[in-house]
Amino acid sequence: MLFKYKKKICFLFIFFFLVSNLTCLHSQKLNSNKTFNPAFFIKSHINDSHEWHFKKNVYISLPIILFDKGFKLFMSSKFDHGNNLVNINNNYYRLINNQIYKTNKFGFLKLDSNGKILNNLPLDFSITKNVLTLIISIFILCLIFIKLSLSYKEKKPNYKTGLLLEYIFFYIKNEIAIPNLGIKNSKLYFPFFLTLFFFILINNFIGLLPIGPNITGNISVTLSLSMIIFFIIIFSAKKKYWKHIFCMPKVPLIIKLLLIPIEIFGIFLRPLTLCIRLFANITAGHIILISFLSLIFIFKNIYSIIISIPFSIFILLLEIMVGFLQAFIFTSLSALFLGIAIKD
């Protein structure tokens, strides 16, 4: 059976998660002469970076690709965590708070009265931690779908996980695509919504790993997904949809003048709500989870485990549920918004 060992698998996953997270936190504490600061660990997990850290001194250096009067390519290790000034063809760059600034040969920074850095920012096309994880998630998606498609040579999935995936496929088709888009339109858009669901789901779970980047908790990623939905709606909408917005039938002129700006605002608001909902829920869960684990090192008391570990397990299980739920909500609402625009 598919879930024959589900209890053991769940227990091992929770145990691995807690131990690895505690190890990372403890490693940071040991390698710091200052008081343990949980905000640093939380910020390093949530934010993007030009290096992928596993422990204090264990990390992967990633490629830096800058466009500043031509492309500049080098590895992030040249910055030495922001300690070095990098010289590329007499162009000097400094890394500060994961932002790359152009400076003079002495590395001086221009600051305003509020302490904001005024140096020029070259166009940054670097392969950051989040970008690399996005590429990895695409390979995982391709592996899942290709393996499942090949299994249909035997007219059914020949591996147990394929049965669960098949159930999810039919659920998205019958409960999301067809009800919102109709049978005819669902054939065209179903592959997109299927990919959207699994893309969000996979990256939600990657973010649960101690060393996993917080992809769906990054506002740039969720905004990009929302913009894709926005442009699909704009270019797929039918005349009836635009007529309802700009020339509502059987509505007095004065009321139209009031409703048209609201309807136009709603066109932009709907994708924005998708962006903020996914970003806020995933980010909040990660912050709360790591905060509970940090209590052990803040109080430096063995009895703090009585509160920290049970609440961490509860939040972790809640995060797994939220990972599924947010992928479903994002996909379902996207199909609903598109369905409103293309239905006859």
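The following refers to the structure shown. Counting of residues starts from 1 at the beginning of each chain's written sequence and follows it residue by residue. Given that this is a predicted model, residues contribute local features only at a pLDDT of at least 70 and side-chain atom pairs are listed and counted only at 80 or more, while totals for whole chains, interfaces and linings are drawn from all residues. Excluding hydrogens and water, the side-chain values take into account all heavy atoms of the structure.

## Considering the packing of aromatic side chains
Argument step 1. Planes of paired rings set the category: under 30 degrees apart is stacked, over 60 is edge-to-face and the rest tilted, where pairs are Phe, Tyr or Trp rings (Trp by its six-membered ring) whose centres lie within 6.5 Å. One pass over the structure, following the stated rule, counts 15 aromatic pairs.
Argument step 2. Taken together, a centroid distance of 6.1 Å and an interplanar angle of 45 degrees make the contact between Y171 and F328 tilted. Of this pair, Y171 sits in helix α4 (residues 160-206) while F328 sits in helix α8 (residues 305-342), and the two are 157 residues apart along the sequence.
Argument step 3. Each residue's exposure class comes from its accessible area (1.4 Å probe, protein chains only) as a fraction of the maximum for that residue type: buried when under 20%, exposed when over 50%, partly exposed otherwise. Under the relative-accessibility criterion, Y171 is labelled partly exposed at 35%.
Argument step 4. Judged by its relative accessible area of 28%, F328 falls in the partly exposed class.
Argument step 5. The interplanar angle of 20 degrees and the centroid separation of 6.3 Å between the aromatic rings of F231 and F235 together place this pair among those described as stacked. Of this pair, F231 and F235 both sit in helix α5 (residues 219-236), four residues apart, which is roughly one turn of the helix.
Argument step 6. Assessed through its relative accessible area of 41%, F231 is described here as partly exposed.
Argument step 7. These aromatic residues form a ring-pair network of at least three members: F145, F169, F197 and F198. Counting from the N terminus, the helices are the DSSP runs of H or I reaching at least four residues and the strands are the DSSP runs of E reaching at least two.

## Quick word on the packing of helix α6 (residues 239-246) against helix α7 (residues 253-299)
Argument step 1. Angular values range over 0 to 180 degrees, each being the angle between N-to-C directions of two axes fitted as lines to C-alpha atoms, with helices fitted over their stretch in contact. Viewed as axis vectors pointing N to C, α6 and α7 meet at an angle of 130 degrees, and their least axial separation amounts to 7 Å. One element, α6, and the other, α7, form an angle in the oblique class. Contact residues: α6 offers Y241, W242, H244, I245 and F246, while α7 offers I260, E263, I264, I267 and R270. By the definition adopted for this analysis, an angle is roughly parallel if under 35 degrees, roughly antiparallel if over 145, roughly perpendicular if from 65 to 115, and oblique otherwise. We call two residues in contact whenever any of their non-hydrogen atoms come within 4.5 Å of each other.

## Considering the pattern of salt bridges
Any two side chains of opposite charge can pair if their charged atoms end up close together.
Argument step 1. Criterion for a salt bridge: a side-chain nitrogen of Lys or Arg within 4 Å of a carboxyl oxygen of Asp or Glu. Tallying each qualifying case throughout the model produces one salt bridge.
Argument step 2. Between D68 and K102 there is a salt bridge whose closest N-O contact spans 2.9 Å. Taken as a pair, D68 in the loop between β3 (63-67) and β4 (71-75) and K102 in strand β7 (residues 99-103) lie far apart in primary sequence, 34 residues in all.
Argument step 3. Look at D68 and you get buried, because its relative accessible area is 12%.

## Considering the sheet that holds strand β5 (residues 86-88)
Argument step 1. Reading across from one edge, β5-β6-β7 is the order of the three strands in this open sheet, with antiparallel pairing throughout. On the outer flanks of this sheet lie β5 and β7, each paired with one strand and no other. Across the sheet, the mean angle separating the axes of adjacent strands is 35 degrees when strand polarity is ignored.
Argument step 2. Criterion used throughout: strands pair if DSSP finds at least two bridges between them. Across three bridges, the pairing between β5 and strand β6 (residues 91-96) is antiparallel. Following the sheet pairing, I88 is matched in β6 by N91.

## Concerning the environment of S236
Argument step 1. Along the chain, the position of S236 falls in helix α5.
Argument step 2. When the C-alpha positions of S236 and G339 are compared, they lie 9.8 Å apart, and in sequence the two are 103 residues distant.
Argument step 3. S236 has contacts with Y189, L338 and I342, leaving out every residue within four places of it along the chain.
Argument step 4. In protein, a polar contact means a hydrogen-donor-capable atom and an acceptor-capable atom, both N or O and within 3.5 Å, with residues adjacent in sequence counting only if both atoms are side-chain atoms; elsewhere, any N or O pair within 3.5 Å suffices. For S236, the side chain forms a polar contact with the side chain of Y189, separated by 3.0 Å.

## Describing the environment of I229
Argument step 1. Tracing the chain through its elements places I229 in helix α5.
Argument step 2. Residues I229 and S334, spaced 105 residues apart in sequence, show a C-alpha to C-alpha distance of 6.6 Å.
Argument step 3. Not counting chain neighbours up to four residues away, the residues in contact with I229 comprise F192, L196, L274, F330 and S334.

## Topic: the packing of α5 against α8
Argument step 1. For the pair α5 and α8, interaxial distance at closest approach is 9 Å and the crossing angle is 20 degrees. Taken together, α5 and α8 sit at an angle that is classed as roughly parallel. Helix-helix and strand crossings are classified by hand; for α5 and α8 the assignment is right-handed. Between α5, through L225, S226, I229, I232, I233 and S236, and α8, the contact on the second element is made entirely by F330, S334, F337, L338, A341 and I342.
Argument step 2. The residue classification treats Ala, Val, Leu, Ile, Met, Phe, Trp, Tyr, Cys and Pro as nonpolar and Asp, Glu, Lys and Arg as charged. All others, Gly included, are polar. Of the residues that constitute the contact of α5 with α8, the class distribution is nine nonpolar, three polar and no charged. Crossing handedness is defined as follows: a turn of the near helix away from the far one that is anticlockwise and smaller than a right angle gives a left-handed crossing, while the clockwise case is right-handed.

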